[in-house]
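# A closer look at the structure
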Amino acid sequence: MLCQALHRFGHKLVSRRPLEKEVYEFELGRSMSTQDLVALGVGRTVGVGVYFLANEVAGNQAGPSIVICLLVAGLTSLLAGLCYAEFSARVPHSGSAYLYSYVTVGEIWAFITGWNLILSLVADAFIVIQTWTLTFDNLIGNQISETLQESISQHIPQVFAHNLGYFFVIFLLLFTEFQFVGFHGFFRVFEVVTLVKLLVLSFVIISGFMKGDLHNWKLTEEDYIQAGLNDTSRLGPLGSGGFVPFGFEGILRGSATCFYAFIGFSIIVTRVKESHNPQHSIPMGIVVSLLICVLVYFGVSVALTLMVPYYQLQPGSTLPVAFLHIGWAPAYYVVTFAIFFSILVNTYWSFMFPIRWVICMMAEDGLLFPVLARMETGTYISIVSTVIFIIILAIMVFFFGLTDLLDLRSVGTLISYSLVAFCVLIIRYQPERKKEENEEELQEENGGKEPEVQEETAPAAEKLTLRRLFFPGSPTPTPLSGLIVYVCSLLLALLLILLCLVLAHWPGLFSGDPVPITVVVLLLVVITGITGVIWRQPQSCTPLPFKIPAVPLLPLLSIFLNVCLMMQMSATTWARLGVWMLIGFTIYFSYGILQSLFS
């Protein structure tokens, strides 16, 4: 009895969502071309990150080598985008990492992915609010911050004084949310604002190449002394100068922070139903939008670090500050106003819409409470859910700083991207699911004739041998080859995590200590061997408009880069994530696993 109960419990955890089942989808009421999807991806990705993240990373973490950080973060996002693109071609529904995990690796992984997405999107909303407030404050000459410090802070606790401005914006965005619900023509405004945003950033890039000084990439201790900054000879807060003042560790940490700047392209896969030809336009929209974002971010980071010495970029400053440094005050106000307006218009797509979409999909599948599935169909439920969300966001203002939320947002998204890459690796080597499901339905209909049907149609049972690991007997995927890939993929994921832990936290690795070097070499040998086993298995021959090339190498590289960036997060970030996951597991094991529609 105990074995049967454990078997049923395990089956529930890994039960997968049938591809043929109806998927909850939002409808915008308009058809979207490939160009529209590219505009959506660029507008959603090139947003808050480009306005303040470059200053933060260049000033405190990487210096001019932020250029390398953005390229690493861009490569990581591009690999994740390729994985999303294949799934969007394979699964003809408006999707997300949640849906892709559900149809591939099972329910428990889908819940973990969806729950992390909710955390990431809530953190993103607060980051948008803080950036909007900071930009508005800069636009009016820092009057909000000065007023709060000089007058209001004398009569109320300090923590309230520092955050009153954010509460004002929270309620403003609440009002904005109610105004935009159901306003389908808003997308054209969004496209225009995206174009203006790219033009403004192009102006920033051109200005940087015109007024920049290449010497800012070659700063020495003498430059710091001339600027009145001493105590840098001991590698203090300003670093050691040059192009990489904070060393290789600064590049890794900066890459993890810069990863936030590329989050947003996944909104494209939620627009399958409105696309003309989703199996072609969705992958194309993802890849093209990410390439545009990489080029824009690269150009902006080069321009910024050429115009301003990195040690003069203060925490909390925004991109337009560079124009004050070169004496272009009118350009400062023009760029600041463009940032302010674009964030306001972008609020609808990055504030409540993605959060509602993920929550409604999980509720429709039975993993969350059913009342949450009516957030879009019932006006009262929609208003109440928005108010609850605003309250949660207001609480987060007091307990989390901007850096904390950046890390939470990034680590949650990195986990989701890793699972999507893992899913691509698995599903490429699995036999066709539709045939299996049809056979199961046929067996249920035939009842007592099941053994005869199996005798006539079922192939001979496969046996696992050492030879079959490298020389499978079938040119198409079989249940045994699919199981081999599944187990090998799990082992590779664990080994990659272990490798990243050793690379990130073993201090003697780069000093020539033979012990960590031996461990790394052994891990690489084992990883290479297991990858070879996967490579030898037959892949699915299902024709798709887009397939990620070089499988299994590119999905594994995507997982490796994601885990490397996650290892740069602080222990405090992982503790907060652990608390969030504890709350999620409580909901899942007390309600979701019992009410799920597919277990």
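Residues numbered from 1 in each chain as written. Predicted model: local features only at pLDDT ≥ 70, side-chain atom pairs only at ≥ 80, totals over all residues. Heavy atoms only, no water.

## Overview of the overall build of the protein chain
Basically, it comes down to this: Secondary structure is summarised from DSSP: a helix means a run of H or I of at least four residues, a strand means a run of E of at least two, and numbering begins at the N terminus for each. Classification of residues uses two cut-offs on accessible area relative to the type maximum, computed with a 1.4 Å probe and protein chains only: under 20% is buried, over 50% is exposed, and between them is partly exposed. The criterion used for residue contact is that any of the two residues' heavy atoms lie within 4.5 Å. Surface accessibility follows the Shrake-Rupley procedure with a 1.4 Å probe radius. Residue values consider only the protein chains on display as shielding.
Within the protein chain, the regular secondary structure consists of 24 helices and 0 strands. Looking at the 599 residues of the protein chain, the share that counts as buried comes to 55%. Taking as baseline every contact in the protein chain between residues at least 6 positions apart, the subset at least 24 positions apart corresponds to 83%. Here the protein chain displays about 26300 Å² of accessible surface, and carbon together with sulfur accounts for 68% of that area.

## A closer look at the packing of aromatic side chains
The criterion, for reference: The pairing test for Phe, Tyr and Trp rings, Trp by its six-membered ring, is centres within 6.5 Å, and the orientation test on the planes gives stacked under 30 degrees, edge-to-face over 60, and tilted for anything in between. Two thresholds decide whether a charge sits over a ring: the Lys NZ or Arg CZ must be within 6 Å of the ring centre and within 35 degrees of the ring normal.
Under the definition given, this model contains 22 aromatic pairs. Centre to centre, the rings of tryptophan 115 and tryptophan 580 are 4.5 Å apart; their planes meet at 15°, and the pair counts as stacked. Of the two residues, tryptophan 115 is situated in helix 6 (residues 107-139) and tryptophan 580 in helix 24 (residues 571-595); the sequence distance between them amounts to 465 residues. For the ring pair phenylalanine 369 and tyrosine 591, a centre distance of 4.9 Å and an interplane angle of 45° mean the geometry is tilted. Of this pair, phenylalanine 369 sits in the loop between helix 15 (353-364) and helix 16 (379-399) while tyrosine 591 sits in helix 24, placing them 222 residues apart in sequence. Aromatic rings pair up to connect Phe9, Phe111, Trp115, Trp580, Phe585, Tyr588 and Phe589 into one cluster. For the cation-ring pair, arginine 536 lies above tryptophan 535, with the distance from its terminal atom to the ring centre recorded as 5.8 Å.

## Some details on the pattern of salt bridges
Worth spelling out the cut-off: Think of a salt bridge as a Lys or Arg side-chain nitrogen and an Asp or Glu carboxyl oxygen that are within 4 Å of each other.
Taken as a whole and judged by the stated rule, the model has 3 salt bridges. Between aspartate 365 and arginine 17 there is a salt bridge whose closest N-O contact spans 2.9 Å. One end of the pair, aspartate 365, is in the loop between helix 15 and helix 16; the other, arginine 17, is in the loop between helix 1 (2-14) and helix 2 (34-45), with 348 residues separating them in the sequence. By the burial criterion, aspartate 365 is buried, and arginine 17 matches it. Between arginine 428 and glutamate 86 there is a salt bridge, with its nearest N and O atoms 2.6 Å apart. Taken together, the residues span a long stretch of sequence, with arginine 428 in the loop between helix 17 (402-427) and helix 18 (433-446) and glutamate 86 in helix 4 (residues 66-90) at a distance of 342 residues. Taking the relative accessible area as the measure of exposure, arginine 428 reaches 4% and is therefore buried.

## Observations regarding the environment of proline 543
Mapped onto the elements of the fold, proline 543 is located in the loop between helix 22 (514-536) and helix 23 (553-566). In this structure the C-alpha to C-alpha distance between proline 543 and alanine 89, which are 454 residues apart in sequence, comes to 9.9 Å.

## Side note on the environment of cysteine 488
Topologically, cysteine 488 is positioned in helix 21 (residues 479-505). Sequence-wise, cysteine 488 and isoleucine 534 are 46 residues apart; in three dimensions their C-alpha atoms are separated by 7.0 Å. Those residues within four positions of cysteine 488 in sequence are excluded, and the remaining contacts are Ile530, Val533 and Ile534.

## Comments concerning the packing of helix 3 (residues 48-62) against helix 11 (residues 247-258)
Between two packed helices, what matters for the description is the angle formed by their axes and the separation of those axes. Keep this limit in mind: Axis definition: a line fitted to C-alpha atoms, over the contacting stretch in the case of helices. Angles run 0 to 180 degrees between N-to-C directions. Under this scheme an angle from 65 to 115 degrees is roughly perpendicular, one under 35 degrees roughly parallel, and one over 145 degrees roughly antiparallel; angles in between are oblique. Here a crossing is called left-handed whenever its near helix is offset anticlockwise from the far helix by less than a right angle, and right-handed whenever the offset is clockwise. Three classes are used: nonpolar for Ala, Val, Leu, Ile, Met, Phe, Trp, Tyr, Cys and Pro, charged for Asp, Glu, Lys and Arg, and polar for all others, with Gly counted as polar.
At a minimum axis separation of 9 Å, helix 3 and helix 11 run at an interaxial angle of 160°. Relative to helix 11, helix 3 is oriented roughly antiparallel. Helix 11 is crossed by helix 3, and the crossing has right-handed handedness. Between helix 3, through Leu53, Val57, Gln61 and Ala62, and helix 11, the contact on the second element is made entirely by Gly250, Arg253, Gly254, Thr257 and Cys258. For the contact of helix 3 with helix 11, the class distribution of residues is 4 nonpolar, 4 polar and 1 charged.

## Some words on the packing of helix 1 against helix 24
Two elements in contact, helix 1 and helix 24, have axes separated by 11 Å at closest approach and are oriented at 85°. Looking at the two axes, helix 1 sits roughly perpendicular to helix 24. Contact residues: helix 1 offers Phe9, Lys12 and Leu13, while helix 24 offers Tyr588, Phe589 and Ile593.

## Description of helix 5 (residues 97-104)
Buried residues dominate helix 5, accounting for 8 of its 8 residues. Of the residues one or two after helix 5, glycine 106 is the one with positive phi, at around 120°.

## A closer look at the side chain of threonine 573
Topologically, threonine 573 is positioned in helix 24. On the basis of relative accessible area, threonine 573 is assigned to the buried category, the value being 1%. Leave out the neighbours within four places in its chain, and threonine 573 touches Asp407, Leu408 and Val411.

## Some remarks on the side chain of serine 481
You can see serine 481 is positioned in helix 21. Relative accessible area serves as the criterion here: at 4%, serine 481 is assigned to the buried category. Contacts of serine 481, omitting those with residues within four sequence positions, involve Tyr429, Gln537 and Pro538.

## Some words on unusual backbone geometry
Omega for the peptide link from valine 551 to proline 552 comes to 15°, which places this bond in the cis form. Note on placement: proline 552 falls in the loop between helix 22 and helix 23. For alanine 550, which is not glycine, the phi dihedral falls at a positive 55°.

## Some words on the confidence of the model for the protein chain
To be explicit about the condition: On a scale of 0 to 100, pLDDT captures the predictor's confidence in every residue.
On average, residues of the protein chain score 77 in pLDDT, and 74% of them reach the 70 mark or higher. Of all the helices and strands in the protein chain, helix 19 (residues 450-457) carries the lowest mean pLDDT, 41, while helix 23 carries the highest, 93. Confidence drops under pLDDT 50 across residues 151-156; counting only partners more than four residues distant or on other chains, this segment forms 7 contacts. Per-residue pLDDT stays below 50 along residues 435-459; that stretch engages in 7 contacts with residues further than four places along the chain or on separate chains.

## Some details on a nonpolar patch on the surface
The criterion, for reference: Surface patches are drawn from residues lacking salt bridges whose relative accessible area is over 30%; two like charges belong together within 9 Å, two nonpolar side chains (Val, Leu, Ile, Met, Phe, Trp, Tyr) within 5 Å.
A cluster of nonpolar side chains, namely Leu494, Ile497, Leu498 and Leu501, defines an oily patch on the protein surface of about 340 Å² accessible area. Note that leucine 501 resides in helix 21.

## Quick word on the state of the cysteines
Our working rule: By definition, disulfides here are pairs of cysteine sulfur atoms that lie within 2.5 Å.
A complete count under the given rule lists 0 disulfides for this structure. Not engaged in a disulfide, the cysteine cysteine 69 finds its nearest cysteine sulfur in cysteine 258; these two sulfurs lie 5.1 Å apart. Cysteine cysteine 83 shares no disulfide, and the gap to the nearest cysteine sulfur, in cysteine 423, comes to 9.5 Å.

## Thoughts on the environment of valine 91
For valine 91, the location among the structural elements is in the loop between helix 4 and helix 5. Residue valine 91 is classed as buried on the basis of its relative accessible area, which comes to 2%. It is 8.6 Å that separates the C-alpha atoms of valine 91 and glutamine 279, two residues lying 188 residues apart in sequence.

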